[in-house]
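# Results of the structural survey
The primary structure of each chain is shown beneath.
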Amino acid sequence: MEETREHLKQMISVAGLSGHEAPIHALLESAWQPLTDEQHTSRLGSLHALKRGRAKAPRNSLAIVTHMDAIGLMVKDVDAAGLLHLEAIGGIDARVLPGQLVTLHARGGDLPGVIVIPPAHALPEDQSSGVPSLAHLRVDTGLRPAQARRAVQVGDLISFATLPQELDGDLLVGHSLDNRACVAVLTETLRLLQTRTHAWDVWAVATVQEEITLFGALTSGYALRPTLAVVIDVTFAKSPGAPAHKAFEMNKGPALDWGPNTHPRLYKEVENLARRLEIPIQPSVYAQSSGTDAILLQVAAEGIPTAILSIPLRYMHTPVEIIHTKDIERAARLLAEFISGLDDAFMEKLRLDTPGEGEAS
Amino acid sequence: MAIRKKSAWKAPRLGAPELNLLERLSNASAVSGNEEAVRRIVLAEIKGLTDDVRVDALGNVLAVKHGRGSALPRVMLAAHMDEVGLMLTADDGDGIFRFELVGGLDERTLAGKPVWVGEKQHPGIIGAKPIHLTTAGERSNALTADALRIDLGPASAKKAKPGDWATFATRFARLGPSLRGKALDDRIGVATLIAILRHPPPNIDLLAAFTVQEEIGLRGARVAAYALKPDLAIALDCTPAMDLPVSDGRENTLYRSRLDGGPAIYVADGGTLADPRLVAHFRAVAETYAIPHQMRQPGGGQTDAGAIHKAGAGVPSLSISVPGRYLHTPAAIVRFDDWKNTLALVHAALGHIDRDTLKGAR
Amino acid sequence: MKDIIRQLVEAIGPSGYEGEVRALVQKMLKGHVDSMKVDALGNLIARKGKKGVDGLTIMLSAHLDEIGIIATHIDDNGFVRFTSIGGVLPRNTAGGRVRFLKTGQVGVIGLEAHKNTSSVPGLDKMYIDLGASRRAGVKVSVGDVAAFDRPFEDLGGRLVAKAMDDRIGVAILVEVMKGLKATPHEVVGVFSTQEEVGIRGATTAAYGVDPDLGIALDVTLTGDTPNADTMAVALGNGPAIKVKDSGMISDPRVVAWMEAGARKARLPFQREVLSGGTTDARSIQMARAGVPVGCLSIPCRYVHSPSEMVDYGDVQNSVKLLLALLARPVKLGGR
């Protein structure tokens with residue numbers, strides 16, 4: 001696990017905004033290379049790594065799907081003063097932005113910058129009190145106007161520059177823990193599988209574009225056609241401002257999500273397994289949409305039975321997200337056990353045309 | 001378009017057994033995401049009627065009934081099993097639960113209603129603050145789901161849990177020429193599709209899809225159409241009839257559909273521009289056999305066709321709906337005759353489908 | 001090329017009813033492509049060239065359809081109530097004229113009297129006046145479709161018409177398919193349907209064509225008019241190479257390939273980040289196992305009004321850029 005913690009700190013130190021995941025893709029490709037039998041890249045840039053099972057071919061397969069992309073900003077225009085106008089990549093509350101240190105990824109290399117609020121007299125009247133909307137915030141690179149205009153072009157990417165920070169009690173702070181903490185779960189799972197046997201093929205999948213279009217999960221689902229899928233994403237941890245009934249305790253295990261993107265029988269199987277192994281999990285419900293890759297993964301091609309594990313995380317979509325690393329460990333152990341237990345008969349348990357456990361026939 | 005009339009068309013009958021089935025379907029609780037209760041009824045009803053039946057990864061029931069002959073047109077008929085409803089999302093203790101809406105349920109209709117919780121339909125109520133304790137300002141704001149709770153009573157605190165679904169506790173009833181139920185959208189389509197499977201037209205391969213998750217984005221139909229790969233598709237649904245008189249006496253120009261107008265044929269809704277060749281085919285069949293019908297007013301709303309027509313390399317699609325008032329509230333109302341005419345039109349139109357139906361330019 | 005543009009913009013084809021425009025394109029392409037077919041949703045799919053050893057199947061997509069209206073009710077006095085097909089902006093609507101598809105009948109869009117003149121009433125407060133005085137005799141029925149009616153104007157360097165979105169893309173694609181000589185690629189020109197109602201035609205076309213690379217040709221907004229929202233795109237500065245819009249992020253390798261092609265051919269171009277709107281490229285990207293996509297945008301003022309304006313130089317440079325790109329093998333660099 002110590003190894004995985006360092007791996008995670010590396011992951012949250014590289015960029016990889018939605019649609020531009022190359023840096024995190026490269027890091028993962030080398031991290032998974034010794035842990036899997038084959039690696040491929042999808043046409044949209046998702047990483048598919050296969051760890052072969054022991055059963056006779058053709059084998060069933062389980063895909064573990066985590067998105068590797070991160071939210072951030074993009075240059076929309078460079079004005080006469082050399083200040084950068086911004087477009088959001090993914091959902092960002094403009095109220096957390098002023099004063100943030102950022103990294104601008106320009107043609108000639110990375111440049112530091114800071115997000116600023118123009119002075120009141122420079123703002124339209126309706127924007128001059130409180131925090132202005134994103135359209136009125138700027139990034140100042142410190143360069144002179146002509147330099148900035150030479151160095152920066154429309155469409156350049158901007159990521160948060162917050163450095164990883166460990167806190168007492170196994171807490172880790174950083175940007176992009178959504179969803180790199182869950183990629184760490186997957187890496188740790190692959191590590192655990194090195195010393196176990198499993199009948200099914202396992203696809204480790206790091207998807208692109210979750211924060212924008214979910215197309216990574218959709219197209220990888222289509223390409224791989226796994227028999228089953230487990231999506232790992234983050235969920236809200238209890239913290240000031242988070243409504244208590246929608247938030248989960250940190251260090252009480254991953255949440256297991258229940259709702260329409262979840263295959264009900266697969267949920268039960270994972271839940272029962274966690275109970276048997278005495279791995280704590282926290283039941284989580286969503287009425288309509290899980291807000292994860294499962295939304296489109298579930299409906300790829302002819303449909304894929306999907307379960308969703310979530311890691312509780314504080315202050316989501318800010319540059320100071322917090323997770324508890326024990327939750328990563330627990331989720332990985334649960335997944336590894338689940339994978340080891342998959343056999344030929346497993347799919348019979350998921351049939352929706354026979355009564356399930358405890359249901360009337 | 002000329003339809004060669006085959007004497008008087010013999011449409012399947014709608015009698016006591018069919019009404020009984022619709023009643024069971026409408027009373028069952030099957031909110032989007034958990035269609036188990038309706039799926040069970042459907043599987044039992046169509047047992048032995050088709051050449052193949054399976055339940056897919058999302059829970060759609062896909063049944064195939066081959067016609068007589070080879071290379072017949074593959075015609076998908078879709079009706080959704082799910083209904084709008086509620087999900088319990090948090091346990092406030094003492095049998096009080098927070099909940100959220102599933103699908104486009106009319107939030108204004110929540111307060112002060114009995115509900116059924118879970119598949120076993122445990123009774124509960126959605127309360128509201130006594131009027132004595134509210135201010136005038138408070139009362140001018142709608143009571144939204146956020147401010148309301150489902151109450152099962154302290155002794156039943158363990159009878160439900162977050163993740164359980166709930167529906168309004170409205171029992172099916174006949175109201176003169178009308179039928180009333182909580183989930184006629186779209187159990188009436190489900191019942192229509194079962195009736196057609198009992199009398200399958202021999203000139204087509206019938207691909208019946210009883211779909212899930214229509215009310216939260218046509219999600220079941222999407223994978224069903226992908227799997228079935230039809231040549232053309234018809235969605236059977238229930239469409240709003242907003243045909244009530246306008247308060248100031250002006251003409252109602254935004255009725256969408258009207259009760260007693262017969263089956264509503266779609267040209268355009270929020271999700272689909274119906275294939276004009278199929279629109280023309282259904283209109284021609286209706287006129288040939290003098291089946292009452294109406295054009296649904298183009299506008300918003302969606303049916304499974306919205307997902308089906310975009311599946312794979314595309315599927316010419318059409319929607320046909322029974323008009324219904326007060327959909328997505330505790331009690332929808334439809335006319336029995338509109339249902340009868342819908343079944344007659346769909347059955348006759350299917351009976352006249354051949355390889356030439358889609359021959360003209362779109 | 002102006003004559004082709006004029007013919008295309010003056011044809012009418014709201015979403016779902018693209019037949020007239022499609023027939024026109026079929027006529028224009030006859031003898032210039034290897035094959036043409038129409039798919040289940042009405043997309044016209046024209047192919048030219050064979051996929052060689054270092055070639056790809058490249059899908060170019062321009063949408064045939066335009067925004068329009070559809071009749072919802074004919075009232076007792078013969079006024080036609082209507083709703084929109086696609087993103088019709090009420091502020092651009094009243095006082096305009098529409099032409100119905102089947103009958104060619106022309107009507108004027110009227111507005112009910114309203115007290116608050118600072119707000120724009122919705123389409124439900126508007127009606128079409130066909131010059132009739134009662135319901136009987138009105139030839140329009142519920143579900144009939146009409147398009148906005150406005151002639152093409154050539155202002156010299158700038159061209160104005162209704163439906164420039166996206167007939168200008170169609171015109172460019174017609175010219176590219178005709179002008180394409182030796183190419184290592186199988187070039188598939190898709191004239192797509194139903195873009196304005198949610199990119200439906202391109203969704204099924206992309207599934208059917210299953211391309212290795214996709215490029216949409218569509219209009220984009222500009223930031224070069226008085227008090228416009230910030231946008232670094234202007235008429236006359238060259239075709240815009242899209243980096244991002246609100247529904248799609250271009251594959252960075254495709255962006256780099258297009259930029260390099262423009263530089264090599266010494267053609268002007270601008271980089272585009274669009275805050276609102278998206279194109280056929282979104283649907284191509286999500287097809288099957290995913291497709292690398294980009295979008296070549298034609299800067300256009302007053303989009304979704306009956307007077308959409310483009311720069312003729314941008315249009316001609318778009319054709320030149322595409323022909324230059326398609327003439328050589330595509331080498332997508334690293335991500």
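Just so it is clear, the model here is predicted, and its values are computed rather than measured.

Now for the overall build of chain A. The helix and strand tally for chain A stands at eight helices and 17 strands. Taking 21 Å as the expected radius of gyration for a compact globule of 361 residues, we find that chain A reaches 22 Å, a close match to that expectation. Classification of the 361 residues of chain A by burial places 60% in the buried group. Partitioning the contacts of chain A with sequence separation of at least 6, the portion at a separation of at least 24 is 76%. Total accessible area on chain A is roughly 13600 Å²; 50% of this is exposed by carbon and sulfur atoms.

Residues and elements named next belong to chain A. Spatially, the eight strands line up as an open sheet ordered β1-β2-β12-β3-β13-β16-β14-β15, and their pairing is mixed. Each edge of the open sheet is held by one strand with a lone partner, namely β1 (38–41) and β15 (282–285). The average undirected angle you get between the axes of adjacent strands in this sheet is 25°. Note: strand β3 (residues 61–67) against strand β13 (residues 228–236), four bridges, orientation parallel. Residue Ala-63 lies in a different strand from β13, and its bridge partner there is Ala-229. With respect to the sheet, helix α6 (residues 264–277) is in contact with β13, β14 (255–258), β15 and β16 (306–313), its orientation differing from that of β14 by roughly 160°. Sheet contacts for helix α8 (residues 325–341): β3, β12 (201–207), β13 and β16; angle to β16, the most-contacted strand, approximately 165°.

Moving on: the packing of helix α4 (residues 184–198) of chain B against helix α8 (residues 336–351) of chain B. Residues and elements named next belong to chain B. Where α4 meets α8, the axes come as close as 10 Å, and the angle between the chain directions of the two elements is 45°. As summarised for this structure, α4 and α8 are arranged oblique, according to the angle between their axes. By crossing handedness, the relation of α4 to α8 is classed as right-handed. From α4, Ile-188, Ala-191, Thr-192, Ala-195 and Ile-196 reach across to α8, where they touch Trp-339, Leu-343, Val-346, His-347 and Leu-350. Taken together, the residues that form the contact of α4 with α8 break down as eight nonpolar, two polar and no charged.

All right, on to the domain arrangement of chain A then. All names here are of chain A. Taken as a whole, chain A is organised into domain 1 (2–70 + 175–350) and domain 2 (72–160). Between domain 1 and domain 2, the C-alpha centre-to-centre distance is 33 Å. In this complex, domain 1 contributes 11 residues to the contact, which on the side of domain 2 involves 13 residues. Summed over both sides, the interface of domain 1 with domain 2 buries roughly 940 Å², with 73% coming from carbon and sulfur. Contact with domain 2 buries area across many residues of domain 1, yet Leu-17, His-317 and Pro-319 alone supply 49% of it, more than any other trio. Here domain 1 is connected to domain 2 by zero salt bridges. Between domain 1 and domain 2 we count two residue pairs in polar contact (both at pLDDT 80 or more) in total. When grouped by side-chain class, the residues that make up the side of domain 1 that touches domain 2 number five nonpolar, five polar and one charged.

What counts and how
Residues numbered from 1 in each chain as written. Chains lettered and ligands numbered in written order. Predicted model: local features only at pLDDT ≥ 70, side-chain atom pairs only at ≥ 80, totals over all residues. Heavy atoms only, no water. Helix = DSSP H or I, 4+ residues; strand = E, 2+ residues; numbered from the N terminus. Rg over C-alpha atoms; globule rule 2.2 N^0.38 Å. Buried < 20%, exposed > 50% of the residue type's maximum accessible area, 1.4 Å probe, protein only. Contact = heavy atoms within 4.5 Å. Areas by Shrake-Rupley, 256 points an atom, 1.4 Å probe, with all protein chains shown as cover. Pairing = 2+ DSSP bridges. Axes fitted to C-alpha atoms, helices over the stretch in contact; angles between N-to-C directions. Parallel < 35°, antiparallel > 145°, perpendicular 65-115°, else oblique. Left-handed = near helix turned anticlockwise from the far one by under 90°. Nonpolar A, V, L, I, M, F, W, Y, C, P; charged D, E, K, R; others polar. Domains from an automatic or database assignment. Buried area = accessible area lost by both parts, 1.4 Å probe. Salt bridge = Lys/Arg side-chain N within 4 Å of Asp/Glu carboxyl O. Polar contact = N/O pair within 3.5 Å; in protein donor to acceptor, adjacent residues only side chain to side chain.

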